[in-house]
Amino acid sequence: MKIVIVPSGFKECLDAEEVALAMERGVRRVDQAIDMDVIPMIDGGEGFAKTIVNIKGGELIYKKVTGPVGKKIESHFGIIVENGKRTAVIEMAAVSGLKLVPRNQRNPLKTTTYGVGELIVAALDLGVDNILIGCGDSGTSDGGAGMAQALGVHFFDKERQIVDIYGGEDLMKVDSIVTTHIDRRLKEVSINVACNWKNILCGEEGVARIFGPQKGASPKQVEQLSSALEHYASLIQEALGIDVRSLPGSGASGGLGAGLIAFTGAMLHPRFDIIMDYISIEEKISTADLVFTAEGSLDFQTPNGKIPAEVARIAKKNNIPVIAITGTIGLGADLNYHAGIDAYCSIIQKPTSLDEAIKNAPKWIEESTESVLRQVSIGLGIAQKKRILEKALI
């Protein structure tokens, strides 16, 4: 049997490589000699820059920038060189990610993407030709306004005073946007963004209502944020003639997608499509008898472009079964059966605290993978006995 393991990370717990190693150990506990390919997968979130730098033999650049709650943190971005062109790989999760927001400060009305803009400026200072930005695992919902300020965009109130954007709530203070002083070097580079293509900025399916609660917003704060982003979209349309409200990907990373479109001229791409330019998995999946994937939480959002569903989509082209190992099983998880995932299993097998689950995740992933594979082996054994019996009766 040939097994291919293609997991994503478990948000705020383990990166994709750590999950992959735990799953590999689980398989080896069943059969040390099994034929296996292990491909840690990224979706633009945590681990995006480091993974691509490792694959492409690039370099990580470390930089102190503004974190999501306004304090200075050490972040990083990558530099890779291909065909004589230098590309900066920026991971928004490494500077404005949810993991960087203390649990007692989780309020998307008060978190900023300013540090993302600082990393873009740092990349421009190095004379890069291209910038690749991964949007995922964000802890912000400021529409990319913080990033825009770091790039030189000015936001004014009705008294023509500059408004400093410290979070989504500050967008309501803005009366006009002026881009006269934006960093001119942005016109000299191409900027591509890997994001969730189905996330939009405004409306009932807008980023505030869909993802605000995950970032700590109360129902009242969700409505505040939704109104603030709608106001922000109106200001962008007035200043730049671009309606970002429902553009594909505009809601990515709390609306950072909209800010990137409006202020940097970035091209947004379905994250899996652009990442496949850097990580090749189709050929290896096509040779598998069984595919394992993984995600921190399997729920109704998984079929909307997340790694397990995209892995399953590729596997189904070759009629290969897919099993997902997950931290938690959430609302609407059964929709994943229709997305090509044949079975899924939670690693949590007893009542536990979040802290205990995070601490034990590597061990539980390993044990769950082993258990699932042993069940598969039982099925294979029964099928083999049935074939032997059928031959004997012929």
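Refer to the structure above for everything that follows.
These numbers come from a predicted model, not from an experiment.

### Here's the deal with the sheet that holds strand β5 (residues 85-91)
Sheet architecture is open: six strands sit in the order β3-β4-β5-β6-β9-β10, paired in mixed fashion. Edge positions in the open sheet fall to β3 (59-66) and β10 (267-270), since each of these has one partner strand only. For this sheet, the mean inter-axis angle between neighbouring strands, taken without regard to orientation, is 25°. Most of the contacts of helix α4 (residues 114-125) go to β3, to which it runs at about 135°, and overall it touches β3, β4 (72-82), β5 and β6 (130-134).

### Structural notes on the nonpolar core
Formed by 58 residues in total, the largest nonpolar core has its most connected members in Ile-120, Ile-131, Ile-133, Phe-155, Val-193, Leu-260 and Phe-263. Contact partners of Val-193, with chain neighbours within four places excluded, come to Ile-133, Cys-135, Leu-260, Ala-266, Met-267, Leu-268 and His-269. Ile-42, Val-89, Ile-281 and Ile-320 belong to the second-largest nonpolar core, a separate cluster that totals 34 residues.

### What to know about the packing of aromatic side chains
Inspection of every chain in the model, using the stated rule, returns two aromatic pairs. When the ring of Phe-155 is compared with that of Phe-263, the centres are 6.2 Å apart and the planes differ by 80°; the resulting orientation is edge-to-face. Residue Phe-155 is located in strand β7 (residues 154-156), and its partner Phe-263 is located in helix α8 (residues 252-264); the two are separated by 108 residues in the primary sequence. Each member of the pair Phe-155 and Phe-263 is classed as buried. Each ring, one from Tyr-337 and one from Tyr-344, has its centre 5.1 Å from the other, and the planes form 20°; the classification is stacked. Over the face of the ring belonging to Phe-156 we find Arg-160, whose NZ or CZ atom lies 4.1 Å from the ring centre.

Reading guide: rules and limits
- Residues numbered from 1 in each chain as written.
- Predicted model: local features only at pLDDT ≥ 70, side-chain atom pairs only at ≥ 80, totals over all residues.
- Heavy atoms only, no water.
- Pairing = 2+ DSSP bridges.
- Helix = DSSP H or I, 4+ residues; strand = E, 2+ residues; numbered from the N terminus.
- Axes fitted to C-alpha atoms, helices over the stretch in contact; angles between N-to-C directions.
- Contact = heavy atoms within 4.5 Å.
- Core = buried A, V, L, I, M, F, W, Y, C linked by side-chain atoms within 4.5 Å.
- Buried < 20%, exposed > 50% of the residue type's maximum accessible area, 1.4 Å probe, protein only.
- Phe/Tyr/Trp six-rings, centres within 6.5 Å; stacked < 30°, edge-to-face > 60°.
- Lys NZ or Arg CZ within 6 Å of the ring centre and 35° of its normal.

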